[in-house]
Each structure stands twice: as C-alpha cells, then as structure tokens.
Number of protein chains: 2
Amino acid sequence: MQKHIEISDVVRITPTASVSVGAYGGRAKCLQRLIRLGLPVPATAALSFRAVRAIAAGDMLDPEPLLAAVDDAPLLSVRPSSEDPDWGGPGAILNIGMNDARHAELTETLGPAAADALYARFIHSFAVHVARLDPGPFDLPCRPDRATISAMLQAYETEREDIFPQDPTAQLQDVLRSMAREWDGPTARLLRGARGAPAEAGLGLVVQAMSLGLGAPEAGESGSGVIQFVSGRTGLPQITGRYLPQSQGREALDGRNDAMMLTRDPRGPSLQDHCPEVFDELLRAGDLARARLREEMQIEFTIEAGRLAFLDAVRVTRNARAAVRIAVALAVDGIIPEAEAVLRIPPAAISQMLHPQVDAEEDGDLLARGIAASPGGAVGRLAFSSRAAQGFALREEPCILVQRETSPDDVRGMHAARGVLTEKGGVTSHAAVIARGLGLPCVVGATGLAIDRRRREMTLADGRRLREGDLVTLDGTSGLVLGGAAKLVQPAFDDAFRTLLGWADEARDIGVRANADTATEAEVARGFDAEGIGLCRTEHMFFEGDRLSVMREMIFTDSAPDRAAALARLLPMQRADFERLFAIMRGRPVCIRLLDPPLHEFLPSGRDALHDLAEALALPLSEVTARVEYLSEFNPMLGMRGVRLGLVVPEIYDMQARAIFEAAVAVGDVVPEVMVPLVSASREVELVRGRIDAVAAAVRAEAGTGPGADLEYRLGVMVETPRAALRAGDIAAQAAFLSFGTNDLTQMTYGLSRDDAGRFMGTYVKQGVFPEDPFLSLDEDGVGELLTLGARRGREGKPDITLSVCGEHGGDPQSIAFCRRAGFNYVSCSPYRVPMARLAAAQLAIRDRAAVR
Amino acid sequence: MQKHIEISDVVRITPTASVSVGAYGGRAKCLQRLIRLGLPVPATAALSFRAVRAIAAGDMLDPEPLLAAVDDAPLLSVRPSSEDPDWGGPGAILNIGMNDARHAELTETLGPAAADALYARFIHSFAVHVARLDPGPFDLPCRPDRATISAMLQAYETEREDIFPQDPTAQLQDVLRSMAREWDGPTARLLRGARGAPAEAGLGLVVQAMSLGLGAPEAGESGSGVIQFVSGRTGLPQITGRYLPQSQGREALDGRNDAMMLTRDPRGPSLQDHCPEVFDELLRAGDLARARLREEMQIEFTIEAGRLAFLDAVRVTRNARAAVRIAVALAVDGIIPEAEAVLRIPPAAISQMLHPQVDAEEDGDLLARGIAASPGGAVGRLAFSSRAAQGFALREEPCILVQRETSPDDVRGMHAARGVLTEKGGVTSHAAVIARGLGLPCVVGATGLAIDRRRREMTLADGRRLREGDLVTLDGTSGLVLGGAAKLVQPAFDDAFRTLLGWADEARDIGVRANADTATEAEVARGFDAEGIGLCRTEHMFFEGDRLSVMREMIFTDSAPDRAAALARLLPMQRADFERLFAIMRGRPVCIRLLDPPLHEFLPSGRDALHDLAEALALPLSEVTARVEYLSEFNPMLGMRGVRLGLVVPEIYDMQARAIFEAAVAVGDVVPEVMVPLVSASREVELVRGRIDAVAAAVRAEAGTGPGADLEYRLGVMVETPRAALRAGDIAAQAAFLSFGTNDLTQMTYGLSRDDAGRFMGTYVKQGVFPEDPFLSLDEDGVGELLTLGARRGREGKPDITLSVCGEHGGDPQSIAFCRRAGFNYVSCSPYRVPMARLAAAQLAIRDRAAVR
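Residues numbered from 1 in each chain as written. Chains lettered and ligands numbered in written order. Predicted model: local features only at pLDDT ≥ 70, side-chain atom pairs only at ≥ 80, totals over all residues. Heavy atoms only, no water.

## A closer look at the pairing of strand β5 (residues 203–209) of chain A
Residues and elements named next belong to chain A.
1) Next: β5 sits mainly inside the fold: seven of its seven residues count as buried.
2) Next: Going residue by residue along β5, you find Leu203, Leu205, Val207 and Ala209 tucked away on one face and Gly204, Val206 and Gln208 tucked away on the opposite face as well.
3) Next: With four bridges connecting them, strand β2 (residues 44–47) and β5 associate as antiparallel partners. Note that in β5 the partner of Ala45 across the bridge is Val207.
4) Next: Bridge analysis of strand β3 (residues 76–82) against β5 gives seven bridges, and the strand direction is antiparallel. Counted as the bridge partner of Arg79 is Val206 from β5. (Buried < 20%, exposed > 50% of the residue type's maximum accessible area, 1.4 Å probe, protein only. Helix = DSSP H or I, 4+ residues; strand = E, 2+ residues; numbered from the N terminus. Pairing = 2+ DSSP bridges.)

## Some remarks on the side chain of A:Gln171
1) Next: Structurally, A:Gln171 can be placed in helix α8 (residues 168–184).
2) Next: The residues touching A:Gln171, leaving out its near neighbours within four places in the chain, are A:Ile96, A:Gly97, A:Met98, A:Asn99, A:Phe122, A:Phe126, A:Phe164, A:Pro165 and A:Gln166. (Contact = heavy atoms within 4.5 Å.)

## Overview of the UniProt feature "active site" (unreviewed entry) in chain A
Residue and element names in this part refer to chain A.
1) Next: The UniProt record marks His430 and Cys806 with the feature "active site" (unreviewed entry), using the residue numbering of this structure.
2) Next: Structurally, His430 can be placed in helix α17 (residues 430–438).
3) Next: Residue classification places His430 among the buried positions, given a relative accessible area of 13%.
4) Next: Separated by 2.7 Å, the side chains of His430 and Thr406 make a polar contact.
5) Next: Note that Cys806 resides in the loop between β29 (802–805) and α32 (813–821). (UniProt positions renumbered as here; feature names shortened; annotations may be inferred. Polar contact = N/O pair within 3.5 Å; in protein donor to acceptor, adjacent residues only side chain to side chain.)

## Looking at the domain arrangement of chain A
1) Next: Considered domain by domain, chain A is made up of domain 1 (7–209), domain 2 (217–318), domain 3 (355–489) and domain 4 (508–543 + 571–597 + 643–852).
2) Next: Look at where the C-alpha atoms of domain 1 of chain A and domain 4 of chain A centre, and you get two points 57 Å apart. (Domains from an automatic or database assignment.)

## Structural notes on the environment of A:Gly810
1) Next: Assignment of secondary structure puts A:Gly810 in the loop between β29 and α32.
2) Next: Once you skip the residues sitting within four places of it in the chain, A:Gly810 turns out to touch A:Val805, A:Ile816, A:Val827, A:Ser828, A:Cys829 and A:Ala837.

## A word on the pattern of salt bridges
All names here are of chain A.
1) Next: Enumeration according to the criterion identifies 115 salt bridges over all chains in this entry.
2) Next: Among the salt bridges present, the one from Arg177 reaches Asp174, with a minimum N-O distance of 3.4 Å. Of this pair, Arg177 and Asp174 are both found in helix α8, three residues apart, which corresponds to roughly one turn of the helix.
3) Next: On the accessibility criterion, Asp174 (24% relative accessible area) is partly exposed.
4) Next: The structure contains a network of salt bridges with shared partners spanning Arg294, Glu295, Arg315, Arg318, Glu340 and Arg344. (Salt bridge = Lys/Arg side-chain N within 4 Å of Asp/Glu carboxyl O.)

## Points about the pairing of strand β15 (residues 419–422) of chain B
Residue and element names in this part refer to chain B.
1) Next: Neither face of β15 is exposed, since Gly419 and Leu421 on one face and Val420 and Thr422 on the opposite face are all buried.
2) Next: With four bridges joining them, strand β14 (residues 399–403) and β15 adopt parallel strand pairing. Looking at β15, one finds that Gln403 is bridged to Thr422.
3) Next: Inspection of the sheet shows β15 paired to strand β16 (residues 442–444) by two bridges, in the parallel sense. Paired with Leu421 across the strands is Val443, a residue of β16.

## Quick look at the relation of the copies chain B and chain A
1) Next: In screw terms, the move from chain B to chain A is a rotation of 180° and a rise of 0.0 Å along the axis, fitting with an RMSD of 0.1 Å. Taken together, the rotation and translation describe the operation of a two-fold axis. Using C-alpha coordinates, one finds that chain B approaches the rotation axis most closely at B:Asn635, a distance of 2.2 Å.
2) Next: When you check the interface residues of chain B against chain A, 100% turn up at the interface there too, and the contact is symmetric in its surfaces. (Least-squares fit on C-alpha atoms with pLDDT ≥ 70 in both.)

## Let's talk about unusual backbone geometry
All names here are of chain A.
1) Next: In the Ramachandran plot, Gln246 falls in the positive-phi region, its phi being about 50° despite a non-glycine side chain.
2) Next: Mapped onto the secondary structure, Gln246 falls in the loop between β7 (237–245) and α10 (271–274).
3) Next: By relative accessible area, which is 30% here, Gln246 ends up partly exposed.

## Topic: the packing of aromatic side chains
1) Next: Within the structure shown, the criterion is met by 30 aromatic pairs over all chains.
2) Next: Ring plane angle 55° and centroid distance 4.8 Å describe the contact between A:Phe661 and A:Tyr713, whose orientation is recorded as tilted. On the criterion of sequence distance, the pair formed by A:Phe661 in helix α25 (residues 651–667) and A:Tyr713 in the loop between α26 (682–703) and β27 (714–719) is long-range, its members being 52 residues apart.
3) Next: Assessed through its relative accessible area of 0%, A:Phe661 is described here as buried.
4) Next: For the pair B:Tyr156 and B:Phe164, a centre-to-centre distance of 5.0 Å together with 80° between the ring planes defines the contact as edge-to-face.
5) Next: Each member of the aromatic cluster is reached from another via a ring pair, and the members are A:Tyr119, A:Phe122, A:Phe126, A:Tyr156 and A:Phe164. (Phe/Tyr/Trp six-rings, centres within 6.5 Å; stacked < 30°, edge-to-face > 60°.)

## So, the interface of chain B and chain A
1) Next: Contacts between the two partners involve 51 residues from chain B, matched on the other side by 51 residues from chain A.
2) Next: Summed over the shared surface of chain B and chain A, the result is six salt bridges.
3) Next: Note that B:Glu785 is salt-bridged to A:Arg793, the shortest N-O span being 2.5 Å.
4) Next: Applying the counting criterion to the chain B and chain A interface returns 30 residue pairs in polar contact (both at pLDDT 80 or more).
5) Next: At the level of secondary structure, the elements contributing two or more residues to the side of chain B that touches chain A comprise α23 (621–631), α24 (643–648), α26 (682–703), α27 (722–726), α29 (742–750), α30 (758–766) and α31 (783–797) of chain B.
6) Next: When grouped by side-chain class, the residues that make up the side of chain B that touches chain A number 22 nonpolar, 12 polar and 17 charged. (Nonpolar A, V, L, I, M, F, W, Y, C, P; charged D, E, K, R; others polar.)

## Examining the sheet that holds β2(A)
Across a sheet, strands are paired by hydrogen bonds formed along the backbone, either parallel or antiparallel in direction.
Residue and element names in this part refer to chain A.
1) Next: Taking strand neighbours across the sheet as the criterion, the five strands line up as β1-β2-β5-β3-β4 in an open arrangement whose pairing is antiparallel. Both edges of this open sheet fall to β1 (10–12) and β4 (93–96), since each of them pairs with a single strand only. On average, each strand axis in the sheet is tilted by 25° relative to the strand beside it, whichever way the strands run.
2) Next: As defined by bridge partners, β1 adjoins β2 across three bridges and the pair is classed as antiparallel. When the sheet's bridge partners are listed, Arg12 is paired in β2 with Ala45.
3) Next: Lying on the sheet, helix α3 (residues 49–56) is in contact with β2, β3 and β5; it crosses β5 at an angle near 100°. (Axes fitted to C-alpha atoms, helices over the stretch in contact; angles between N-to-C directions.)

Given below as structure tokens:
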C-alpha cells in the first residue's frame, strides 16, 4: 500500500518556517540561516527525514506542494541534509528538469554551449547515480555538444531499453527515491556508522531552484565557486577557494587549470579582479555569516548573468589545531561565549595535537595495518630487541622497536625507541599502555607480520622481508606502518590551545591528575597542568640499569640478611626517584603505588639470558632455572603480586615506604600518598598499614627535631578486584583514599585478560556482543556498577574519603562523565591525555549547568 | 587488685542445680546427668568458666563454699570441663589434700601400701603439673614406699627451695590456678583452635571428693576401671575396657599386664568373674545411661572397699562408620528421633567412609607432607608421567602419579593411577579438583619434594631419592606420603549408612546433583543417589585416545571444510559419550557444559611432543611451533575460552549440540540441559542460543515423525564471571537456568588464580587475612554477595528460572546453607561428596524446622 507523504513534511524554507535540524537535517537549517541573513538564496524546499523514509519505503510524493515551494522553477537541484554533515549522504544531483524540450528552449535563451552542457550533465548524473548504469558511455567531455547528448541518450536507451525520462516531475521522483534508498544501503550505513551516526539516523533532502552558473556570455558573468575565510589547516584567517566561469556545483575545486583564485594573485586571473563587486559582496556575506551563524563557513555560490546566489554553506573542514584557533578566535571576538568555545572542541581531537603526525596528504608505501594504540607518527629504523633499540639510541639514530609482544623487560627498549610496533595485543596490551604513558606512537596487533626475532627480520603479508635497520614510518593515529620516511607534521601546543584549556579549567568541577612513573612523565604531566600524580607505578623503577641486577639478587636469596642487604642497596635509588618526582610536582599530591607485579617479571626468560643471570649471580644454571620455574605462574595476573607479595615478603614494602618518607622529608612541602595494590580484603590493608605506620614512626624518630619530625602521609587502596569494590565499606575504614584501577577491574569483572583479548575482541565488537571494547570505553553496566557501589560504600565507610579512577579509562570522556556522576574527586590518566581530560571534564560541567538553567 | 570469685560461680552438682554446658562445661553437665540417673557419683562441685577466668587472672577463690560443696572430703580430684570435650584441657589432678599428716592417718586406716601410693602419686602430679618441675626425680616406681616419698619431698625442696605444701586448701588453690593458666597458654590455644574451638572458649573445672580405688585389701575390693558398651571402631555392641585393682584414674588402660578384661575371657581373670555384682551393676548403669543420656558413653568407675562409684563419663570416641551405626541404632531403638540421628553425624565425616583409608594405627615411614586434597588412601608405584602411569595400568600394577603440577593433558594418567601427588598447587588446583571428581586420593603442594621428571626420580627433604616404580602409600585424608605399602582399611557404605541417608533425603529441601564428566563418574553419582548431573564438563572427552589427534587436526586447519570434516569425525564419539550418560542417568536431568578450555590446552608442549605432533599432522615443525605459540596466552583463564571460543569458532558448539540432541533422541526420556560457559554479556547467550536452536530444529526435522520430532532442550548459563552475576537479570531472559560456577567466580572476584594461590594461601590463612581459603569455604561476604545478587536478579528476570551452584563449593555444608538461604534449587558437587551434601542439606532443613517450632 503506497501512502502519500504528509504535506507538513515538505516545507518551503523561509525565515520563519519551522525547519529543525532534528527533522530536516543540518543543510536545510543552514540554508534557512543564510536566508534569514538576507543573502540571495534561490527558492529552496526541504523534505523531512520522515518524508524521505516514506519515499524509501515506496510511498509516492505529491509533487505539487514541493514544486510550488521552489516557485515552479524549471530546473532543480537536490542535496542531502542529514542531521550531522559529517555523516555523509548521496551526492547532489543538479539540473533536474532537463529534457529535449527544455534543451531546445535553453539553446535559444542561453546559447547552445550552455544548453548542451546542462543537458549532458544531467543525463550523466541521472544515468550513473539514479539509473545506476555503467558510467563508461556517460563520460563527460570537456565541452559537450549536441552529438555528445545524442550518444548519451542512445546509450541510455540501449542499457535501459527505454527512452530517457522526459517528464520533469517523474525525473524528480526518481531522483528523490534513488537518494532515499541509497541512504538505506549497507555502504552508506557502514560509512556513517564509522563516523558515529546512530543506526536510525535520518536523511532529509533539500530541493532548490537551480541558479545555473552557465549562460550566454553576452548576458553577463556566469559561473560558480566556493569560498572560505580561514585555513582549515592552520585555523588562521585566509581566503581560500576557487571560481570557475561557466561551471556548476563544486567544479571549480576539481583542479582544472582554468579555475580562478579568489584573491588577487600574481600567477593568474582572480575573482577579485574579474568581478570586484561580486568579490566584495562575498566578503561582506562572509563577515555576516561568521558573526550571525557564529561559525566559519565554506560557502558555495553561483553567478548567473552577473547576479550572485548563495546555494549552500557548510562548516569549514578543519583539523584539531585549526578547530581550537577558530573557536578561540570566535570567543575572543565576542561572537560566542568562552564556554561555547570549550564545548566546540571534541576532546578526542586534542590528542592529535600533542604528537607529531604523519602528514595525511601523503600516500606512503603501506607495509602493514594494525590497531592504533597510541597516537602520533614516528620515523625510525627497525629494532628487533630492546638491546638493539638502545644501541640505536646510543648512536642517536631514531628507531622503532618491533616485538611480538612486549613485557616489562622491554620498557628500557621502549624508552630508547621513537615508536613501538607489536604483532600481538590490543589497545590495552602492555605495549599500548606503556606507549601511551610515554607518549610514544604505537601500533599493536599488526596482523600479517611474521617477526623472526632471532634473524632480526620480519616478513610482510605480501612476502616482502624487512631487516633490522630498515627505515619505516609508524602512524599510531591511524594504525598504519609505512615504508621509508614519511613527512611528519609537528605538534602545536599553541596559545589558543592554552587559552582554551584555561577556560576549561575555570569550568571544570572534577580533578585531573596524571599517571606518571618517571621524572620525564612527571614533567610532561606538570607541563600539561595535571593537578598531581594519581598513579606512580614503582615497578618500572626496578628495571633501570643496575637496579634490575640488585632486584634479582634479592629475589634469589633465601636469607633474610641477604635480602635486607639487597634492599638496602635499592633504598637510595628509590629515594632518589621519589625526590625527583616530589621536586617536579612540588606542592601537588603524588600517589605512589607500592610494588605490584609478580617477582618473575623481573627475571629473564630464554636460555642465554638465564645463563647470563647464573653467571651474574654466581649460581649454577640449574638452580637459576629451577627458581625461575618455581616463580612462574599459570595466570600471573591472578598470582602472587600486589599486596600478596607485600605480605609474604614485607621487607620490600618497608623499603619502599622508607624511600618515600625520606624523600618527602628531603624535598619538603609534600604529603605523600602511598597506595596498596590488588587488595581483596580489608585485613590486607590493616596489616600493611601497621608496618608502614611503623616505618613512618621510625623516620619521624630519626628526624629528631629536624625536618621530618612532623612527617605525614596518606595510605590508600587501589580498588581493582571486584571483591575490593564490594568490600569498599570495610576497606575505607583503613584508607584515606580509594583509587579504582579500572583496567584490572575490567579484566576481572569480565574474566578477560587484556593481553589475550586481541584475538577475539574484533569479532566481539563487530557482532555487537560488546557494544565497545570495555578496555577502551568503560563498561557502565558491569564494571560501572562495581565502581558506583564501591564509591557509595567507601563514602559510607568514611565520608571524607578521596575517590578517584586511575585506570586507562581515566582519560576517556565517557568515563569522566561516569566518575562525575558517581561523585569521584578526580580522574588520573596518561600525561598526554591530561589536556583531553581537562577539556572533557569542562564540557560535562558546562553542559550540566546549561541543563540546570 | 585481687577480687573474690562470686559464690554463684561455684556450685555443688545436684539433680536440680543450674549447671549449663555453656557456663560450666560438658563434663560438669554430664556428671549432673549421671547424678540424675541415681548413679553413685561422689560429691562433686563445678567452677564456672567465669570463675576459672578470674582465677587465671589472679583472683583468689574463697575455698569455703567449694569445700562445703564436696562435703569437706579429705581428698579431692580436679578435672577440666570445657564446652566441647574434644577441645582438650589440662590433665586431671587426683589426691589433692595428701600431706604428711594425712599420709600418717591413711597409713593407719588403709595400710602403708595404699597410703604411700596416694602420697607419692600426688607429689608426682603436683611437682610435674603444678610446680612444673623437671619430671626426672619424680618418676613413680611400680610400688612406691616411704623411701620414695622422702626422696620426692627432698627433690621438691631442692628444686623449689621450699617445702612441699602441706595445707590442703593451698594445694587446691595452686592446682586450680595452674589448670586455669594452662588453658590460657599458647599450646592449649593452638591445640583447641585446631579442633575448631573459638578463641574465647572457656574452661570450667570439676572438683570431686576422691573415691580412692586404693585401700586395705581386708576392707574389700578396691580398684578402678573404664567401660563402654560399643566398639568405637565398628559401632557394634561390644563391652570393652579394663579394670585394675588398687589403681586410680585411667591407669587400667595404661597397658599394664595386670589389668583385667571386663567380660569373661579365657586369657585371664575378668571383672565379670572377679566381682560379678559390680559387673552387673555396671551393665545396668550402661543401659540406663544409653537410654537416658541418649548416647553411647565411656564410663570411669572406682570400687572402694567393694562400693562402686561413677567418677566420670564421656561420649565413646568413634570413627565415622561407628558414629553412623551408633546413631542409627539409637534411632531404631526409639531412643532418639530419626532426625536427631541425621543431625548427629558431622557431614565431613562421611567422606572418610567412601574411600579406603590408611590405617591410622600404623606408623609409616614419612616421606613427605603436603595438603590433603582428596581423601582416601592408596598404595602404588611411583609414576612420573601420564604415559608411565598408563604403562603401570596396562600391567595391572597400581601406581601413584607424581607431577610438579597437572594439566588437562594428565587426566588420562590420573585415570590410570590410584592416587596423585603434586609438588605445587592447593586444594583447588587442577590435580585436586580432578582427583576429587575421580574419587582418587590426592596430596598436593608437597613441599620439600624435588621432582626430576626427566630422570624419573624425586629427592626428599632429607636427601633420600625415590625412583619410578618405588612403592609408596599416599594418604589423601591426612596429606602424608609414606614409604612402602601401609595397611588400608576398606570403605564401608553399609546398611546403617543407607538408612541414615534415606532419613536425610526425607528431611532435605534443596536438590543435590553430581558433577560427572564420564560414565564411571555418572555411575558413582547414580550409586550415591544424586538427583541428576549438574555439571558434565565435555573437555575431558576430547583427551581420550584418538579424539585428541582429531581435535588437534581441527585446531590446525584454517579451512572451514577441513574443520567441518574433523568435527564430523568427533561427532559420533561425542554422541556415544552422551548416550552413555543419558542411559546411566535415565530419567534424571543431565546438564552438559559446552567446551570451555582454551584450544592450546589440547596441544602438547615440549620439543619432543611438538615433533611428534608435526609428524602426525604432516606439517613442518616450525609451523606447528608457531601455531602453538600463537595460541599460547598470558593468562589462559581469562583468555579465549568458553563462549568466546564458541562464538569465534561456532562449529564446535554446533557439533556438540548435535551430539547432545542426537543422543537424547536415541536414548529417549531425557530433556538435555545445555550450558554455556564463561558468559559475561547476555548477547553472547543470545548468539549461541540462535545457533543451537537451529541445530535442534535440524535434528527435529531429520526425525520426521519418528522419535525426536518433539525434541526439547533447556539452554542455561554458567555464571562464573562477576559481570555475569551483575547482569543476571538480562542473562536470565535468555536462559532456562543459571548455574553459578563458584570456582571461577571466586578466582575472578578475588583476582586470585587457584593454581597460583598455593604459594601464599598458607600465610594468608595463618595471618587471618582471609578467615579461610575461599576455594574451600565459600566467601560469603564477597563472592556470596555476587551469588545472592545474581540469584535475585535472575529470578526477577525470569521467576521460574532454575538456580544452582556447580563449583567445588557445592559439596561444602556452609555453602549449601548459603545456597538454601539464597533460594537456589540445587547444588552440584563431586560424586563422592554427594552423600555428604545430602546429609548436610538435611541437617540444615531439620535445624530450620526446629528453630521455627
């Protein structure tokens, strides 16, 4: 049963018509705004989402009201108008209404060249985009003539076994139906889905009387062009665009060498010289649009027999840096409030700005494709081991560390490299997490690579082989690995950016700290105005240089005095680490997590490494091997680590606590926060707390009446097991703060190891089993319930307890929103995500306040 | 400040005195019962827990009321009276009041032999147990005389630099204080703690007028003895005990060859012949005590100058089998109700009865000590590999499989062995779980063993070396490994046991199913009257014989047709498995869990095994190695297993579903239950359900109008991730039942791998970090909250959903209590724990009903 479309779903766009973005789409709304500015826009009608949906379903459109709405213009264009212009849509179709009769008529009025061009273009569009015929026979020559038209009409008839439709109304119905159905097709759905469109996103259509851009030369200037007033690359004022006489649509931008520049240019003719009045009118319209539409627009215009018409306008496409400059400039010019400038920048765009990026305009030699795990671009030589990477670093040659997967042993190699590439793993694999922490570009899960570590080479999917030292480019923003050295665009942490984040901080109502393990990271965090360190993992400190061998000595001794001696050698090194951190963060809180990983992570694997270790420790190889085997675990994540290790070998935590306290005394002006990892029962905290209190008392006593006599510290718990969340009430009684480690909490709540999830996470997200990778985007339904419940019980247990999130999710806007709602005091994330988190938090606060008003 | 003890805390035991077990202890109460029966009990007073606590704290006892309560008897005994006799306590002290004067007096009245004996014994007891002197100088000769006494008094004076106390009241105060303080000592605390006493358990004391058992021969028979009327080993009626003339206390039992049997005996004199009237009086008293105390008692008596006195009575010590026989006999004789017989058997005792046990009366050569992981005793030859175990089995030689730890690969070896011994692991390690399932004795975590698998030998802590083939005895009940073949006592699943469990089933209100993977286990389950199979793990089925190689072929193929071909070969084998299970369980539900472990568990490790595999699959070794490496995981428990595997390689579940359905059709009379493992999101269930519904539809269609046309099945979910428990509401909408896998749920809630927990669980439980190993005893506070919450949400999501627990906890009485409270329909446990679970469930129901009344 065909139903007719309701009249209210077709509307002529006038200054007062009811044209909402949610019903008619963004283009329709934008055209109404242009009309309201008094700009000359040809008569335009809009079809609502509902109307287009009905057309796609086979309903017939009553053409009368629509044609009336465009003043019964002889020729029409149809353009898509989705809710968000970024969601795409079918291409515009121009010149609807052209047929043999109209062609004859226009040959008279505009001359044969213009008439032939109009008809040929329409036949081309209709045949290819509406009738969906093979494009070959409908290729447009530069100057179509009557013969071209005959051939095209003939080709159409042959292919369709029917003549080319001559009835303008039928043409229009066909165009509308074709566009409506294309929107429902799988390709369009996939494309807009990838840009974040919901499954039920609607399409509106805009039908406009054609302003031709073609005409008899004697009638005056005709042509079309596109103009914008800022650079989409820099965000700075700059008039760009092209104008092409005797053209339609966006042809001026097609790279034809007869297109004119807009502003005066020594290289050739310009619109400014060619039509100075039109040019001035465009400038005035540009100013008006910026002030009144409160945005930088790209405007499509035609000149028909000397008369300017505005056909369409869209937001200027821009990269992140330009977006920030544009928004800040609009606010500085008083066009938008500062809060709105803050709202206009998608937080995710920020991370682009903090790293060099591979220039998107270059095509590289694609070697492999993986998961974009840490943004930014890097060029370097392939290094197949940490040792090799350190070798390159010594020679000051940039390198890219390549591993099947990384382990804590590789952190030194990662420090030495410019980027990291792994064959295995997902966005929260070890490599990815560490790389984001270090701000290193990283691509993980690069399928198709076969890495032969021993031969120091890798084979690509296409059989090519790359060797250590070969030069590659890693694009951690897109997940690509390119051959050779691609061009990199340097990061821009400019004034506009600082201004914007300043405005953000004024609006923000949840704290943002950084996860930082090293002085370098702490400096980055400080540079990005983090309010403190929310998570300092101490284990990386034990991998550096001499420390690893002392650590191993400690692991290999069974005698308490020997263990104490090894720890005594580690103490000053740890103290120095903390002194540096406290000095860098002076006055801001630093939360230090006590040793977390299982001891076997500090031991090497592989025969050669074990042999070296046996030599270094002067122990028989068999003993070393047996010890390594003894310490190995089936599921290390769930083994003897964290507070379990702290209770079984308490001397380690004693040493760390002393290092922290002595450093705090030495630097001064700091109340260190000590965090106990992997807690699952309050008694664990009670026991650790007893010992650490004793260490604090000892340090105070040693200080006598000097500095340190009044040493204070705060003891807290990392909530990362489901049980700790459930028992947060008891645990809170023992703790000054609870910091939720959402990585491990997610792993345990799902029973899902982030390092092993790579093999099926793709399938899972694709099939909609999980709406999103829960390591990327906080699972509010499951993990989130544990967070909410843990936070509530924690507060009930101790009303003034500090609550925070310190997992990878800490920098994710959705998770920040969640934490705000749950009443957390702060989030903590990688230093490089701090600006993004500051911005996201500000946006949430601004939106909430707006909603309240 | 010393305080006096309140008078109400010292009471003379009369038939009407207020003497509760909770205030005065079990011995005091029992003596009151004997008095109420009219039996001749010497005057007795009881000191309350509070009084003893005060004495231990240094308070003085006003002796007057106490002495009055025992009729101012010249000589007194003091015995401990704790709440539960099993909690132990200080030894009895007799003859308090002996001093030089009394000695002289008694020499007159009883003769020098008796008087010397009494004084010498008292000096000995006082010196050793009260004054805590070195026992050497106080050794008692067989017949002490005046010289002995002088020597002892002299020794006392030398050691204490004070004369032996002569004031009877002071003696009594000293004895009371000494006993009160001993109860507070660390040794006593530790001992009673190990028997389940709470930390605050109190001690009462019983002070009794001495009935001497010694006297002038001319005054008539004097002596003492102990009698009981059933055997503590068999539970059958049998008078046992001894009587020794001129003796005190329990001396008759000290193995002296002059002690008499009680009943007429060809080997020597007996009490029955020696004092027939006394003997008859004892029999009458025994009958009376059994009927009125409703228990089999062991009675301590004296004959003083021909007069019988009852000093004390305690429950007859008994093993589990005897306990069942005694309780059932009491109920059959109408002395106690059947429900009370059910209540009297500790459920844990049941498991002792189902396996052969190492005879506790034998001392063996202790080789090693580990964790008692699966009860029972086994004798066999050491086998250091599954292959070796299978070799022994082929030669029909019993063997004990020894491994550092076991993996699914070893299940075949475990099937072939009589017992399993591992160096690593805890009570819920792989070895322990499988062994309990198979009913195999198992000792895990045997510290001090060094196993050299390659050399097929192990070194003990003392340096001894054992080789493959050496004979050992494994005691899975006590955790000991003994050299050679110890004597085993065979299990007793006798009529009394069946009667008791029949009564239990009448009382029970929660179902009990068994976890059974094989036909053998299913038969055991059926034999133990399990109501169905609650968990049939299908993975073990793939390890048998040919199947493993087909499974490996499937894993190694990348082509869908090859995979289908391999699965088609597995189908009839799986179907045959299920047919056997359905046939054994005919009419009872069988819940089959789809394949759960990660695929790499089906692949071998080690160079030789990989080489064999490469040969079998006709693939290059490098390819096989690469595949094995590719499939390996960091944390296999949290990797690609369970439903994740089911969704990524759906053909496996399709095959299993078909095998289940075809088997159900072939056997008939069964509605199979299909369970999806490791679910964390409802969409996983939805997707699997779609495919399995399709398989069911196909099987129905193939059945035409024949059997199977009306095939039904129930799809359920194994809730073992915290997220599945949290989302049980959504998940229930997709499922007919939810079965909570508490093993994995505990692992994930705590973030604790059961296989790796062994290294610190001991420390943790000792330090009270965890009150109990959460894998042994359900953690009600954490895991329990997830169970309760999951059950509630599941029922809200689908009111008629079936809820159950199928982890190791299913057989644990405390967990059964929890499941009853949470409204679960049934628990499922190892077949060998089914009787225990039936009993425990019955006790809970009976207690609840009693509480309601």
